[in-house]
Amino acid sequence: RYFEINGSNYLAVANHFDGVGSVWATDAVDSKIYHWTDTSFVEFQSIPTLGSTYWEHFEIDGTHYLAVANHYDGSEYAID
């Protein structure tokens, strides 16, 4: 999900799973926020997520927020 804050460009990437068919594969994988540096995106922040599927950026009264949808924690689909 691309978003912009005060003229700076960002990209939020929801990482859902860290491998296919691996014994060590897990849904507990960090998702990443990248910042555009005029030539490329570089990692800005790493956020622990559980089977994340989607990011949403929104603004309320000039304050920016970023929400992530987590899907599965390895045992339950209902995550608080």
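The structure displayed is predicted, hence computed values, not measured ones.

Trainee: Can you walk me through the overall build of the protein in this structure?
Mentor: Looking only at helices and strands, the protein has zero helices and six strands in total. Ordered by position from the N terminus, the helices and strands of the protein form the series β-β-β-β-β-β. Looking at the 80 residues of the protein, the share that counts as buried comes to 19%. Taking the intrachain contacts of the protein between residues at least 6 apart in sequence as the baseline, contacts between residues at least 24 apart amount to 28%. A total accessible area of about 5,500 Å² is found for the protein, and carbon and sulfur atoms account for 52% of it.

Trainee: Would you mind going over the packing of aromatic side chains with me for this structure?
Mentor: Two aromatic rings, taken as a pair, are described by how far apart their centres are and by the angle between their planes. Under the definition given, this model contains four aromatic pairs. Aromatic pair Phe3 and Tyr10: ring centres 5.3 Å apart, planes at 15°, arrangement stacked. Residue Tyr10 is classed as buried on the basis of its relative accessible area, which comes to 12%.

Trainee: Would you mind going over the pattern of salt bridges with me for this structure?
Mentor: When the charged atoms of two side chains lie near each other, side chains of opposite charge can form a pair. For the coordinates displayed, the defined rule picks out two salt bridges. Here Arg1 and Glu56 are joined by a salt bridge, their closest N and O atoms 3.2 Å apart. With a gap of 55 residues between them, Arg1 in the segment before strand 1 (2-5) and Glu56 in strand 5 (residues 52-60) connect regions that are remote in the sequence. The partner of Lys32 in a salt bridge is Glu43, and the shortest N-O contact between them spans 3.6 Å. Taken as a pair, Lys32 in strand 3 (residues 28-36) and Glu43 in strand 4 (residues 41-50) lie far apart in primary sequence, eleven residues in all.

Trainee: Can you walk me through the environment of Val68 in this structure?
Mentor: Note that Val68 resides in strand 6 (residues 63-70). By relative accessible area, which is 30% here, Val68 ends up partly exposed. Each C-alpha atom of the pair Val68 and Ala12 lies 9.3 Å from the other, and the pair is 56 residues apart in sequence. Ignoring anything within four residues of it in the chain, the contact list for Val68 reads Thr49, Ser52, Tyr54 and Trp55.

Trainee: Any chance you could explain the side chain of His57 here in plain terms?
Mentor: Within the element layout of this structure, His57 appears in strand 5. In terms of polar contacts, His57 uses its side chain to reach the side chain of His64, at 2.9 Å. If near-sequence neighbours (up to four positions away) are discounted, His57 is found in contact with Phe3, Glu4, Ile5, His64, Tyr65 and Leu66.

Conventions used here
- Residues numbered from 1 in each chain as written.
- Predicted model: local features only at pLDDT ≥ 70, side-chain atom pairs only at ≥ 80, totals over all residues.
- Heavy atoms only, no water.
- Helix = DSSP H or I, 4+ residues; strand = E, 2+ residues; numbered from the N terminus.
- Buried < 20%, exposed > 50% of the residue type's maximum accessible area, 1.4 Å probe, protein only.
- Contact = heavy atoms within 4.5 Å.
- Areas by Shrake-Rupley, 256 points an atom, 1.4 Å probe, with all protein chains shown as cover.
- Phe/Tyr/Trp six-rings, centres within 6.5 Å; stacked < 30°, edge-to-face > 60°.
- Salt bridge = Lys/Arg side-chain N within 4 Å of Asp/Glu carboxyl O.
- Polar contact = N/O pair within 3.5 Å; in protein donor to acceptor, adjacent residues only side chain to side chain.

Any link to function would need more than the numbers given here.
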